[in-house]
Structures are given as C-alpha cells and as structure tokens.
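Coordinate analysis (summary)
Chain by chain, the residues run as shown.
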Amino acid sequence: MVENDIYTNDGTTDIHKNPANKQKTGKWKACRYILVTECCERLAYYGMSTNLVNYLIVRFNQGNAAASKSVTNWQGTCYITPLIGAFLADSYLGRYYTIATFSTIYVLGMALLTLSAGVKGLKPECVEDVCHPTAFQTTTCFIALYLIALGTGGIKPCVSSFGADQFDDNDEAEKKKKSSFFNWFYLSINIGAMIASSVLVWIQMNVGWGWGFGVPTVAMAIAIAAFYFGSSLYRLQMPGGSPLTRIVQVLVASVRKCNVRVPADKALLYETADVESSIQGSRKLEHTEKFRFFDKAAVKTDDDDTANVNPWKLCTTTQVEEFKSIVRVLPVWATGILFSCVYSQMSTMFVIQGNTMDQHMGSTFKIPSASLSLFDTLSVIFWVPVYNHAIVPIARKYTGHERGVTTLQRMGIGLVISILAMFVAGILEVIRLDYVRTNNYYDLETIPMSIFWQVPQYFLVGCAEVFTFIGQLEFFYDQAPDAMRSLCSALSLTTTALGNYLSSFLVMVVTNVTTANGNLGWIPDNLNRGHLDYFYWLLAILSLINFFVYLVIAKWYVYKKVADQKQ
C-alpha cells in the first residue's frame, strides 16, 4: 500500500500531530462524537434561550418590546463572538483546542445562570407572581448570559468546520460524504432544540427556572465529555497563521503597485514552485478574473526579491485568491441578514403572539407558547431526510449536479419560503385581531383561539432553515480558503447576529414611530390593541426585496477553483 493510501492528502494530523491515518482517524467514526457534542450543546443553548423572553418578562418585569430587544441583542452577541473564536482557531489554536477552551467558559456561564435562577439572594424575590429584582440580581443574570455568549461564540464557528475536516477533500469517496455531514449536523442541532423546546420549556414554566436552567447546564457538561472522548479519532487542520494579516498584506501590496500593469498571461503572476501552498493548511488556488486590481499584489517587479519574498510587497496568487474569495462571498453573506431577522421572530414575536392565545391541550395540560418552536424542529427533522433522499436524487436527474442543486440555488429556495412564513404569520394575526374585535376580547389576557394555529408559520420557518441555513454551512465551508474556514463559518454566523440586531432596530423604530402622539403603537404590551400583523407585513416586504437582490448576486457569483481541480 502506497503512502498516499495510508495518510490523508489535505495536510491534517492526528491529536499527536502525526500525519492523519485514513483508516484510524476521521470520517463517520469521528463525526459521531462531534454530532453528539453539537446535539448536547444546542440542547443547552436552546434550553436556556428558547424561553428567555418569558424569563425576562416574568422575573425581571420587562415589557414585551424591552424583553424582545434584550433577547435579540443577546442572541446577536452570541453570533458576533464567533469572530473571536474563528480568529483564534485559524491563526493560533486550531479548531480542536479552541472548542476545548471556550467550552469551559460556556459551562461556567451556564452554571452562574442556574445559580442566579435558583439560589436565594441571587434570584429575584416574587410575591403573588410579581417579582422585585435588584440591580445586583439583574447584573448577575446578564453577566451569566454574556459569558454564555462568549463561550458559544468560540464553539460555533469551529464545530461544523471541525466535523467537515474529518473528510479528505482530495479523496473523492470521502468528499461525497461531506455534504451529508452538513445535513446530519443540522439535524443533530434540531434534535437538541426539540428536547429543549418541549421538555425544558415545560420544566421552566411548571417546575421552576432553577431546574429549567440546571438541566441545560448538565447537557453542556455532557457535550464537553463527548467531545473529549473522540480525541484519538479526530483529524486536526493545523492553524495557518493570522488570516487578517494575509488579507491586509494583499491590500497593502495592491496599493503599493497600483500603477503596475497586470500581465495578460496570468501564469506570470507570482506563485511558489512547490506543489503545496506556502500557506500552512491550504491548497493552491487557481486565478480568477474578477477583482483584477488585487492581482497587482502578485505581479513581480524588478524591486521584488523572489528568493527572499516580502509578503507586504509581493503576494502569491493563492494569497490573492484567498482575499478575492472573501470579497466574493460578502454580497451573498449580506443577503442572509434579513433571513436571520425573520428567523429570530420565533424566539420573540411568535412567542409573544402565542402568549395571547389558548395554550391548552385538552382540559388540563397547558403548553408554554415558547414550546411551539418544537414544530420548527419537527419540520427540520422531517425535511432533512426528505431533502437528502428524495429532493436531491430527483433534482440530480434534471440538473446533473452532484448535490441536486447548487448551494446558491438551495439558499434562494429558503429565502422564498421565509417570505411565505411571514405572510402566514401576518394572516394569522389579522384573523386573531378580527376575532378580538368581533367578540370584544380586548382586555382578555388569552383569547379562546388555539395556539396551534401558529404551527404553519413555525413549520415554514423550519423548512426555510433546511434550505438556507444548511446551504450557508456548505457554501461558506466550500468557498472558504482552506486556512480561513473557521473565519468564513464565523462570517456566516454573523448574519444571525446582524439579523437579531436588525430585528431589535426594527422593533425600536416601529415602536418610536407608531407610539408618537400618544398612540399605543403596533407592538403594545396588550397585543389585542396593537397591530403585530403590520410588523409581519413589513418583514415580508423587506424579505421580498432582499430576494430580488439575492438573485442578481447569485447570477454574478463565480465559484472557487482549487488549482489541481478540473472544471
């Protein structure tokens, strides 16, 4: 057996920094631990976050708009902090050690939140369902929440990329399995979310917040244990140095040579003679025609010493193409922000809307409004295998594409479904308000209209996730330069952060504009006297505009080409 059949060809190593043995490391035998880790971590996250808006309303006396903004700001931070984890993973620590480090911060935050919800002195005192939080108790709660935001931020950009690293891109048999990994990865997320939105939310509303946050803390501890158990089977991609430094080097070298003419023969651009790229953990990339100004960074001049290259003056073609890859994905990335804004409504406006409806199943059992997100999870669990085993084979017959459709087409389908979800949510609110007006139910806390009328909007959001969010995972991993994959995963996650911030901004603007001159506004504390439907229409219209912009960007986009691949 030749050496190439024994070891991976993508530069990965085992935990002991030896070349990764194909038979002993990676593939599904390593991924099962990663999937268990992700499932338990998401159970912990969603077990704490799904019902957070009600926790802030009940325990900290925040109104609907204030609680919604607190949650979306916190969730936004959870998806901005991945930039920190990604930078450390790609530059210095690698994905394995970044996950290990930030998991510790994560579980400390979860433990503090549990204590603040269940220990006398740390939890607010409540008398006859009215709580009286002190400044210290509020501060403790939010310190715990933002420790969790930092911990989850270090993990998020690394776990999916770390799982994909277990499949060798240079081995066709392994490469085909990678697309399935992203589908199963997202399925594991939703299994954790399903348990959180059903069992844990019920515990929080019926047993107590201390127990309701304590169980997710234990789940996070299990996630860490599962991750470490698989250590001997993992393939590790070595960090390639600071990606930000390489990006700045291309910019500086391009500006320095702004008056230099790019040769017509692109083979004359500078590249190392070695088979491997000079960037550790990265393969060479082929030249592309877009953003030709930056090719100037790779033009050799009489002042350049190719024997002792100064990367601030002369960059390799691969380094320039790395930078171009990042620039190319940015417009696609930007169109994901509004989708994430729509998605964030599940943990805010959908829950608040559900609070006004009849939550009973039968005569005695009452389902918490936040538990309706279970139907989003069930939708994902339904659509992932359907997509894998039905949609992809059928689409492949017509398109000839290995994955059935391209990742850009997959994300576009999800954007359309998200628009439908907002229209369905708006229509339900119109019907609900008409029912309130007809029966004069304005001052009822809950009206006799079943909360299960919300199921279609949750189901549509789940379907949209399968197309757009999983499509994003694949797209940003595939289109990222090898040594920037954590950074690009973090970049995709920042759409969720900015989507949450956008939601907070829209709520703030809508509240300020619609409450002028003493009006109640669209989103008052008593939704029976508001117009939440107008807010849903606003999101639907913005999403439609966003979709048309996406179509233009998708038509313009050129996929990355690795130097040794043939089109």
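Because the structure is a prediction, the values reported are computed rather than measured.

Definitions and cut-offs
- Residues numbered from 1 in each chain as written.
- Predicted model: local features only at pLDDT ≥ 70, side-chain atom pairs only at ≥ 80, totals over all residues.
- Heavy atoms only, no water.
- Helix = DSSP H or I, 4+ residues; strand = E, 2+ residues; numbered from the N terminus.
- Expected span 1.5 Å × (residues − 1).
- Bend = angle between axes of the 7 residues up to and from the residue.
- Buried < 20%, exposed > 50% of the residue type's maximum accessible area, 1.4 Å probe, protein only.
- Pairing = 2+ DSSP bridges.
- Disulfide = S-S within 2.5 Å.
- Axes fitted to C-alpha atoms, helices over the stretch in contact; angles between N-to-C directions.
- Parallel < 35°, antiparallel > 145°, perpendicular 65-115°, else oblique.
- Left-handed = near helix turned anticlockwise from the far one by under 90°.
- Contact = heavy atoms within 4.5 Å.
- Nonpolar A, V, L, I, M, F, W, Y, C, P; charged D, E, K, R; others polar.
- Patch = residues over 30% accessible without salt bridge, like charges linked within 9 Å, V, L, I, M, F, W, Y side chains within 5 Å.
- Areas by Shrake-Rupley, 256 points an atom, 1.4 Å probe, with all protein chains shown as cover.
- Salt bridge = Lys/Arg side-chain N within 4 Å of Asp/Glu carboxyl O.
- Phe/Tyr/Trp six-rings, centres within 6.5 Å; stacked < 30°, edge-to-face > 60°.
- Lys NZ or Arg CZ within 6 Å of the ring centre and 35° of its normal.
- pLDDT = per-residue confidence, 0-100.
- Polar contact = N/O pair within 3.5 Å; in protein donor to acceptor, adjacent residues only side chain to side chain.

1. Re helix α6 (residues 135-164)
With 30 residues, α6 should cover 44 Å at 1.5 Å per step; its first-to-last C-alpha distance of 44 Å lies within 8% of that length. Most pronounced at C158, the bend in α6 amounts to some 30°. With 21 of 30 residues buried, α6 lies mostly within the body of the structure.

2. Focus: the pairing of strand β6 (residues 447-450)
Taking every second residue as pointing to the same face, the buried face of β6 carries I447 and M449, while none of P448 and S450 on the other face is buried. Two strands pair when backbone bridges link them, and strand β3 (residues 357-358) and β6 are joined in this way by two bridges, in the parallel orientation. Residue pairing across strands places D358 opposite S450, the latter belonging to β6.

3. A word on the state of the cysteines
Evaluation of the coordinates by the stated rule reveals one disulfide. Between the sulfur atoms of C126 and its disulfide mate C131 the distance is 1.9 Å. For the disulfide bridge between C126 and C131, the dihedral angle about the S-S bond is near 95°, and by the sign convention the bridge is right-handed. The buried category is assigned to C131, whose relative accessible area is 2%. With no disulfide of its own, C31 lies 15 Å from the sulfur of C39, the closest cysteine sulfur. Its relative accessible area of 0% is what places C31 among the buried residues. Residue class for C39 comes out buried when judged on its relative accessible area of 16%.

4. Some remarks on the packing of α6 against helix α15 (residues 485-514)
α15 packs onto α6 with a crossing angle of 120° between their chain directions and a minimal axis gap of 8 Å. It follows that α6 is oblique to α15 by the angle criterion. Here the hand of the crossing between α6 and α15 comes out right-handed. Here K156, P157, C158, S160 and S161 of α6 lie close against α15, whose contacting residues are R485, S486, S489, A490 and L493. Across the contact of α6 with α15, the residue classes break down as four nonpolar, four polar and two charged.

5. Thoughts on a nonpolar patch on the surface
Together, W202, V207, W211, V215, M361 and F365 make up an exposed nonpolar region whose accessible area comes to about 600 Å². You can call F365 partly exposed: its relative accessible area is 38%.

6. Quick look at the environment of S198
For S198, the position within the fold is in helix α7 (residues 172-206). Given a relative accessible area of 23%, S198 falls into the partly exposed group. Taking the C-alpha atoms as reference, S198 lies 9.7 Å from F375; in sequence the two are 177 residues apart. Every residue in contact with S198, bar those within four places of it in the chain, is listed here: S371 and L374.

7. Brief notes about the packing of aromatic side chains
Going through the model one piece at a time under the given rule, you end up with 39 aromatic pairs. Centre to centre, the rings of F87 and Y92 are 5.9 Å apart; their planes meet at 75°, and the pair counts as edge-to-face. Aromatic ring contacts, followed pair by pair, group W28, F167, F181, F182, F185 and Y477 into a single cluster. One Lys or Arg, R42, reaches over the ring of Y45 and ends 4.3 Å from the middle of that ring. Taking NZ or CZ as reference, K156 lies 4.5 Å from the ring centre of Y45, over its face.

8. Quick word on the pattern of salt bridges
With the rule as written, the count across this model stands at eleven salt bridges. The salt bridge partner of K324 is D295, with a shortest N-O separation of 2.8 Å. Linking K324 in helix α10 (residues 317-344) with D295 in the loop between α9 (243-256) and α10, this pair joins segments that are 29 residues apart in sequence. On the accessibility criterion, D295 (1% relative accessible area) is buried. In this structure, the salt-bridge partner of K324 is E321, at a minimum N-O distance of 3.2 Å. Here K324 pairs with E321, and both are found in helix α10, just three residues apart, close to one helical turn. You'll find K324 and E321 in the same group, each marked buried. The network of salt bridges with common partners includes E38, E41 and R42.

9. What about helix α2 (residues 27-49)?
The end-to-end C-alpha distance of α2 is 32 Å, a good match for the 33 Å that 23 residues give at a rise of 1.5 Å each. Burial analysis of α2 places 18 of its 23 residues in the buried class, the great majority of the element.

10. Describing the confidence of the model for the protein chain
Summarising the model, the protein chain shows a mean pLDDT of 86, and 97% of its residues fall at 70 or more. Mean pLDDT across the elements of the protein chain ranges from a minimum in helix α1 (residues 3-6), with 66, to a maximum in helix α16 (residues 532-556), with 94.

11. Some points on the environment of S325
With respect to the element layout, S325 can be found in helix α10. Classification of S325 as buried rests on a relative accessible area of 1%. S325 sits 233 residues away from V558 along the chain, and the two C-alpha atoms are 9.4 Å apart. Those residues in contact with S325 that lie beyond four places of it in its chain are L285, Q479, P481 and K560.

12. Some remarks on unusual backbone geometry
The phi angle at N61 is positive, at roughly 55°, despite the residue not being glycine. Among the secondary structure elements, N61 is positioned in the loop between α3 (52-60) and α4 (64-78). Residue classification places N61 among the partly exposed residues on the basis of a relative accessible area of 46%. With a phi angle near 55°, F291 is a residue other than glycine that sits in the positive phi range.

13. Some words on the packing of α10 against α16
Packing of α10 against α16 leaves a shortest axis separation of 10 Å and a crossing angle of 160°. Classed by the angle they form, the pair α10 and α16 counts as roughly antiparallel. Two packed elements cross with a definite hand, and for α10 against α16 that hand is left-handed. Residue-level contacts link R328, P331, V332, T335, L338, C341 and V342 of α10 to L539, L542, S543, N546, V549, Y550, I553 and W556 of α16. Across the contact of α10 with α16, the residue classes break down as eleven nonpolar, three polar and one charged.

14. Here's the deal with the side chain of E321
Taking the relative accessible area as the measure of exposure, E321 reaches 2% and is therefore buried. Of note is the side chain of E321, whose polar atom sits 2.7 Å from the side chain of T288. Discounting residues that sit within four places of it in the chain, E321 has contacts with L285, E286, H287, T288, D295 and R328.

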